[in-house]
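Spelled out from the first residue to the last, the chains are:
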Amino acid sequence: MSYAYLFKYIIIGDTGVGKSCLLLQFTDKRFQPVHDLTIGVEFGARMINIDGKQIKLQIWDTAGQESFRSITRSYYRGAAGALLVYDITRRDTFNHLTTWLEDARQHSSSNMVIMLIGNKSDLEARRDVKKEEGEAFAREHGLIFMETSAKTAANVEEAFINTAKEIYQKIQEGVFDINNEANGIKLGPQHSPTNPTLPSQGGGQQGGGGCC
Amino acid sequence: MGQTQSKEDFSPELYLRMNSTRAFRASWLRKEGAMKHWKEEKENGAIYNVYLKKVRYRHSVPSIVEGATPEQNSGLEWETVKVKTIKAAPLEKLAEHLPVALQEMDSSYINIFFCTYQTFTNQMEVLKILLDRYKNHKIGNLSKENTQKNIRSVILMWLDENLDDFREPPNYPCLSLLQDFAREVFDLELGERARRRMDFFKEEAKENEMSNQLAFQASMCDEVDGVMMDNMFMDIKNVKSGLLAQQLTYMDADLFRKVNLQHCLGGMWSRRSKKIDSYHDVASVKATVTQFNDVSNRVMTTVIEDKTMKPHDRAAIIKKWIEVAQVCREMKNFSSAKAIISGLQTHPVYRLKKVWNAVPRAHVLLFEDLASIFMDDNNFEMSRELLMKEGTAKFACVDSPRISRKPILNLVRRLSHEKATGHRREQARMHGTVPYLGTFLTDLIKIDVANPDTIGDGLINFEKKRKEFEVIAQIKLLQNAAKNYCINQLSEFVDWFTNMNVMTYAECCDVSDEIAGSTPSSSPMFSTPDRKGSAFRRFFSYTAEDTTKSHRSSSSLSSTSSTGSAGSADTPLLEDGMSFSSENSPATSMNGGENPRLRRVEMRKTTSGVKEKEKLVRKISASYSMTDLTQLIVPEKHKTPEPFPSSSCRIIRVSLEGSEGNVYKSIVITQQEHTPSVIRTAADKHNLPPEENLSEFMLVQNLPMGELHIPDNANVYYAMNTNAEPDFMLKRKPPPGAVIKRNITKSRRTRKSWIRDSHDS
C-alpha cells in the first residue's frame, strides 16, 4: 500500500513496562507473530491516516535488551518519534525516565518527538505514580503525555497517532527537513522528488544530531 | 553525511531485496516442512491440533498410516500422514504425555517440555505427577510395564539433560524425593544416580564458597597500589589484537555455555523484576549481560580515562579496539564484537570528532562495516543472517562481498594473518560461536507477548511453548558450537579486566565534555538536567585508590552545576533499567519521600560537589541512588483535581460491593452509555458468574456525603456527579423496605480508605 510519509518510531523504557504489549496492541489485536526461524519474530508497522494523508508508522522495539548497553546510536538514529514508557504501578520505572531521556537526547536527532507514556492505567488499584507526576515530568521536559493501557487498549491508538500528528505538524512547520532521512521520516514512493540513489557510507563520527 | 548513511535504512531496493528473500524462504519452508493444519480436536480436557503432512513415501518401510497397505502404495511417491500435537492442556495432561511421547519416539515433545515447563510450573510438581503415575500406572492406553519403564526413562533423561533443574541448595528436595522413591520401588540405579547428583552439587557448592572467600581476600589485596603496574594490558594499544580478542572470547564463551535456557524465556526474563522466588532467578542470563556491559565500559574507559592524552594516542586506542572487534567477529564472537562497537558508539567516545579524524581511514571504514552488522535495521537482519550462516560453521567467512573496499580488505587480511601466525595457539583457529544474546531475548519476549499463556479454561498453551522452543533450540545449538574454542585463559588478562578502574557512563560524559572543549554535549533543544546527579549515581565496587583520574576541574564543576540547577530528578540506576555497572555492586535505592535525612546528605554533596566525598563513597563501594521528586510534584494546593480528562468519554472506577480492599475496575463510558451496559461491563470485569441476574444489581456513585444511586436506565455520563471522584460501586438492590443507612456508613469507610491510599502513594 502506498503512503505519503513513513515515520520511524522507537519504544524505550524499563523492562516489563509493557513496551511490546503496547506495540502489539497497536499493530494488531488479533496478532499472529510472524515467526520465521531465519528472520526472527517481528511486529511493528501500521498505516494511519492524518489529514487525509496515509502515513506508515514503522516501530522498532528492542524489549528484552534494556540492560544491554547496546541500545545506543544505531537504535536511536533516524527515529522521528519515541515512546518513552513507564509503568504506573512501579515507581522505579518512573524514576529511570531521566536516564532514558538523556540517552535518547544524546543519541538522536534533536527534533525527535518524544511522548511520555504511563502504561498499565487499568491497574488503578496498584497505582504507584500519580498522573500529575507524569504530567509534571512531561511539562518540564517538553514531552507529550498520556496514560495508556495496553491491556484494555485505552489510549493506545491515541498515543501512537498523537505522536504522528506532532511529527506531521513539525513537517508542516518546516522544522523537520523531510529530505534528511536522518530525521526518521521518509517520503512515500510516489512522493519522492528524485530517484533514490544508492546509499553510500557516511563518516563514522558524524550523525544526525546530538554531536558536538 | 548522516544523511547519506541513513538512506540505507529506507532504501527501497533494500526492502525489495529483503522481502523477496523472505518470501523465497517462506515458500521453501512450506515445501519442505509442509504441515497443513487440518482441524482441532478436543479430547479428555485437552485440545489437539491435527495436521496433515505430506511425506515422501518410502517403499522399504511399512507405512503407519491407517489403511495403507503396501499393494495400494506401490507407485506412490508421496503420502499424507496425520500428525496430532497437543495444543493446550492442563499441567497433569502435559506431564502424563511425557512417557507417551517417549513411546511414540517423539523426543521433541520431551525437549520442549523440559525447556519450558518452568514458565507454568516447577520441578517438584512435575516430579510428583510422574512418580504418582509410576505408582498408579494409569496413563492412557500404555501398559503397566511401559508406563513404568517410560516414566523411568523420562526421569533419567531429565536428570541428564537438565541438570540445573535439580540444583536446589541447601536441601535438594527433588533429588531427596527421588532417592526416597527409588528406595521404595527398589530401583537401585535410579537411587544411585540421584545420590551422585546430590553429592556433585554439594561438592560444587562447597567449592564455590571457598573460591568466594579467596576472591574476597584477593579484592583486599587490590587495594594495594601497584598491583597492576607491570601488567602488559595496561598499555592496551600495544597488546596484540588477537590476544585481546581471544581472552575476551574465552570469558564470553564460558558464560554463554552456562546460560540456562529457561532463563531466556520471555516469561522469565521479562518478568524478572517482579518475581522474587528463587527459581525465577535469571542469574545465568544476567551474567552474560554484565559481561557485555563490562566490555563496553572498559572500551569506553580506556579511550576516555586519561584526560591529558593527545588525540593521536586516543585514536590509537580506538584503532586497537576496532581491530579487536574485527578479530572477535572473525572468531565468531558476536557478543564482544558488538560490545566493543557499542562502547565506541557511546556518546562520550563517538562525539570526539578530532580523535576520530586521527583514526586511519581503513579503520574507520572497518568500524562502519562492523557497526552495520549490528544495526537494528530490519529486525537485525544482518546479524541474524550471519549467525545462521556461520553459527555452527567452522570458520567465519570474513572475505564476504560486503567487504569489497580495498583498504578494509587489506586490513582484514593483515589482522587475520596476525592472529593465525602471531600466536603459538594454532589450534585456536577452529572457532566456536558466541552470539549476541539480546536478539534472542527480544524474539522470546515478542513470542511471549503475542501468545496467551492459557487457552480456554486455563489450559496451558503448549503451542506457545513450541514456538518458544524454536528459538531456544537455536541457542542450544550455538551453545554446543561454543565448546569449539580452544583458548587458554591468561591470569594477567583476568587481573587487568577485573581490577581495572572503570569509569561510569556519567563520568565518561563529563571527561568527554572536557576533552571536546566543554561545548555542551547534547542538542540545543535539551537542557541537560542531571549531570550533577549522574555523577553520584553509581560507583564501581572495586576501585583502587587513584588521584589523577576523573578529577573534574573547577570550571567543569561550575558548568555542570549550573546546568544541573535547571534539572529535575536525580535518577537512581537500578540494574534493570539502564544498568551500566556490574551487578555485584549492591545498589540501594530509596524513594525521596521516605528518607529525608539521606536526601539532605545527598543534596549537600551535590551542591558542594566535593570530590573527596565521592571518592570515599567509591571506596566503601556503596552505590547511592535516590529520588528527588520534590521538584517534580506539583504542590498539593496548586493542583486542580481533574478526574475527567476528556469531554467525550470518562473513566469511572467501579468496585464490587462486598469485595474486600480496594479492588476496582476502570471503565470507559461514552456519552451514550446507559446504566445496564455499564453494569454489564462492570460485572464482566469483576468476573461475576454469568448466571447472575444483572437486573438485581444497581450502580451507585460514592460521594462524600453518601451514595448517589444512578437510575436503572439513565445515561451514566450525564447522571453522575462530576464534581466528585468517579468512584462507583456495583451492588445488589436492597430488598423492598430495607434500610439504606447501613450503606451510607459503608460508603464513608471506603471513601476514607481511598483517600488514605491516595495519600500514601
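Residues numbered from 1 in each chain as written. Chains lettered and ligands numbered in written order. Predicted model: local features only at pLDDT ≥ 70, side-chain atom pairs only at ≥ 80, totals over all residues. Heavy atoms only, no water.

**Details of the overall build of chain A**
Here is step 1 of the chain: Summing up its helical and strand segments, chain A has six helices and seven strands in all.
Here is step 2 of the chain: Seen in sequence order, chain A has helices and strands lined up from the N terminus as β-α-β-β-α-β-α-α-β-α-β-α-β.
Here is step 3 of the chain: The burial tally for chain A puts 67% of its 212 residues in the buried class.
Here is step 4 of the chain: If you sum the accessible surface of chain A, you get close to 6800 Å²; carbon and sulfur atoms cover 47% of it. (Helix = DSSP H or I, 4+ residues; strand = E, 2+ residues; numbered from the N terminus. Buried < 20%, exposed > 50% of the residue type's maximum accessible area, 1.4 Å probe, protein only. Areas by Shrake-Rupley, 256 points an atom, 1.4 Å probe, with all protein chains shown as cover.)

**Regarding the overall build of chain B**
Here is step 1 of the chain: A tally of regular secondary structure across chain B gives 31 helices and ten strands.
Here is step 2 of the chain: Looking at chain B as a whole, 50% of its 761 residues qualify as buried.
Here is step 3 of the chain: Contacts spanning at least 24 positions in sequence make up 73% of the contacts within chain B whose residues lie at least 6 apart.
Here is step 4 of the chain: Split by element, the accessible area of chain B, about 36600 Å² in all, is 55% carbon and sulfur. (Contact = heavy atoms within 4.5 Å.)

**A word on the pairing of strand 1 (residues 35-43) of chain B**
All names here are of chain B.
Here is step 1 of the chain: As judged from the eight bridges shared by strand 1 and strand 2 (residues 46-56), these two strands associate in the antiparallel manner. Bridging across to strand 2, K42 finds its partner in I47.
Here is step 2 of the chain: Taking the residues between adjacent antiparallel strands as the criterion, strand 1 and strand 2 are bridged by two residues, where N44 takes a positive phi near 45 degrees. (Pairing = 2+ DSSP bridges.)

**Quick word on the packing of helix 10 (residues 241-257) of chain B against helix 13 (residues 283-304) of chain B**
Residues and elements named next belong to chain B.
Here is step 1 of the chain: Contact pair helix 10 / helix 13: the axes reach a minimum separation of 9 Å and the direction vectors enclose 160 degrees. For the element pair helix 10 / helix 13, the angle class is roughly antiparallel. Every pair of crossing elements has a handedness; the one defined by helix 10 and helix 13 is left-handed. Listed contacts from helix 13 to L248, M251, D252, L255 and F256 of helix 10 are A287, T288, Q291 and V295.
Here is step 2 of the chain: Classifying every residue of the contact of helix 10 with helix 13 by side-chain character gives six nonpolar, two polar and one charged. (Axes fitted to C-alpha atoms, helices over the stretch in contact; angles between N-to-C directions. Parallel < 35°, antiparallel > 145°, perpendicular 65-115°, else oblique. Left-handed = near helix turned anticlockwise from the far one by under 90°. Nonpolar A, V, L, I, M, F, W, Y, C, P; charged D, E, K, R; others polar.)

**Overview of the nonpolar core**
Here is step 1 of the chain: Of all hydrophobic cores here, the largest spans 133 residues; its most connected members are W321, I340 and L344 of chain B.
Here is step 2 of the chain: Of all the elements, helix 14 (residues 311-330) of chain B adds the most residues to this core, at nine residues.
Here is step 3 of the chain: By size, the runner-up hydrophobic cluster in this structure holds 36 residues, among which are F26, I55, I117 and A150 of chain A. (Core = buried A, V, L, I, M, F, W, Y, C linked by side-chain atoms within 4.5 Å.)

**Notes on the packing of aromatic side chains**
Here is step 1 of the chain: In the structure shown here, the tally under the stated rule is 30 aromatic pairs over all chains.
Here is step 2 of the chain: With centroids separated by 6.1 Å and ring planes inclined at 5 degrees, the aromatic side chains of Y9 of chain A and F160 of chain A adopt a geometry described as stacked. Of this pair, Y9 of chain A sits in strand 1 (residues 5-13) while F160 of chain A sits in helix 6 (residues 156-173), and the two are 151 residues apart along the sequence. The burial state of Y9 of chain A is the same as that of F160 of chain A; both residues are buried.
Here is step 3 of the chain: Each ring, one from Y134 of chain B and one from F181 of chain B, has its centre 5.1 Å from the other, and the planes form 85 degrees; the classification is edge-to-face. Placement of the pair is Y134 of chain B in helix 6 (residues 123-136) and F181 of chain B in helix 8 (residues 173-184), with a sequence separation of 47 residues.
Here is step 4 of the chain: Note that R46 of chain A overlies the ring of F26 of chain A, its terminal NZ or CZ placed 4.3 Å from the centroid.
Here is step 5 of the chain: In this structure, K84 of chain B packs its charged tip against the face of Y48 of chain B, placed 4.6 Å from the ring centre. (Phe/Tyr/Trp six-rings, centres within 6.5 Å; stacked < 30°, edge-to-face > 60°. Lys NZ or Arg CZ within 6 Å of the ring centre and 35° of its normal.)

**Some thoughts on helix 1 (residues 19-27) of chain A**
Here is step 1 of the chain: Most of helix 1 of chain A is tucked away, with eight of its nine residues classed as buried.
Here is step 2 of the chain: For helix 1 of chain A, the set of buried residues is K19, S20, L22, L23, L24, Q25, F26 and T27 of chain A.

**Structural notes on the sheet that holds strand 2 of chain B**
Residues and elements named next belong to chain B.
Here is step 1 of the chain: Spatially, 1-2-3-5-4 is the arrangement adopted by the five strands of the open sheet, whose pairing is antiparallel. The open sheet has two free edges, formed respectively by strand 1 and strand 4 (454-455), since each of these has just one partner strand.
Here is step 2 of the chain: Examined bridge by bridge, strand 2 and strand 3 (residues 78-89) share ten bridges and lie antiparallel to one another. Directly across from Y48, in strand 3, lies its bridge partner I86.

**Some details on the environment of L490 of chain B**
All names here are of chain B.
Here is step 1 of the chain: Mapped onto the fold, L490 is located in the loop between helix 22 (462-481) and helix 23 (491-499).
Here is step 2 of the chain: Linking L490 and Q246, residues 244 residues apart in sequence, is a C-alpha distance of 9.8 Å.
Here is step 3 of the chain: In this view, L490 contacts F233, L243 and Q247; residues no more than four positions away in its chain are not counted.

**Quick notes on the environment of S284 of chain B**
Here is step 1 of the chain: Note that S284 of chain B resides in helix 13.
Here is step 2 of the chain: With residues near it in sequence (within four places) discarded, S284 of chain B still touches K258, V259, N260 and H263 of chain B.

**Examining the environment of K731 of chain B**
Residues and elements named next belong to chain B.
Here is step 1 of the chain: Its place among the elements puts K731 in strand 10 (residues 727-732).
Here is step 2 of the chain: With 76 residues separating them in the primary sequence, K731 and S655 have C-alpha atoms 8.8 Å apart.
Here is step 3 of the chain: Within polar-contact distance, the side chain of K731 engages the side chain of E707 at 3.0 Å. (Polar contact = N/O pair within 3.5 Å; in protein donor to acceptor, adjacent residues only side chain to side chain.)

**Describing the confidence of the model for chain B**
Residue and element names in this part refer to chain B.
Here is step 1 of the chain: Scored by pLDDT, chain B comes out at a mean of 71, with 63% of its residues at no less than 70.
Here is step 2 of the chain: Taken together, the stretch residues 1-32 has pLDDT below 50 and engages in 52 contacts with residues farther than four places along the chain or on a different chain.
Here is step 3 of the chain: Segment residues 222-226: pLDDT under 50, and five contacts once partners within four positions in sequence are set aside and those in other chains are kept. (pLDDT = per-residue confidence, 0-100.)

**Describing the packing of helix 13 of chain B against helix 14 of chain B**
When two helices pack together, their arrangement is given by the angle between the helix axes and the distance between those axes.
Residue and element names in this part refer to chain B.
Here is step 1 of the chain: Helix 14 packs onto helix 13 with a crossing angle of 155 degrees between their chain directions and a minimal axis gap of 8 Å. Taken together, the axes of helix 13 and helix 14 are roughly antiparallel relative to one another. As helix 13 packs across helix 14, the resulting crossing turns out to be right-handed. Every residue of helix 14 that contacts helix 13 at V299, T302, V303 and I304 is listed here: R314, I317, I318 and W321.
Here is step 2 of the chain: Class assignment for the residues of the contact of helix 13 with helix 14 results in six nonpolar, one polar and one charged.

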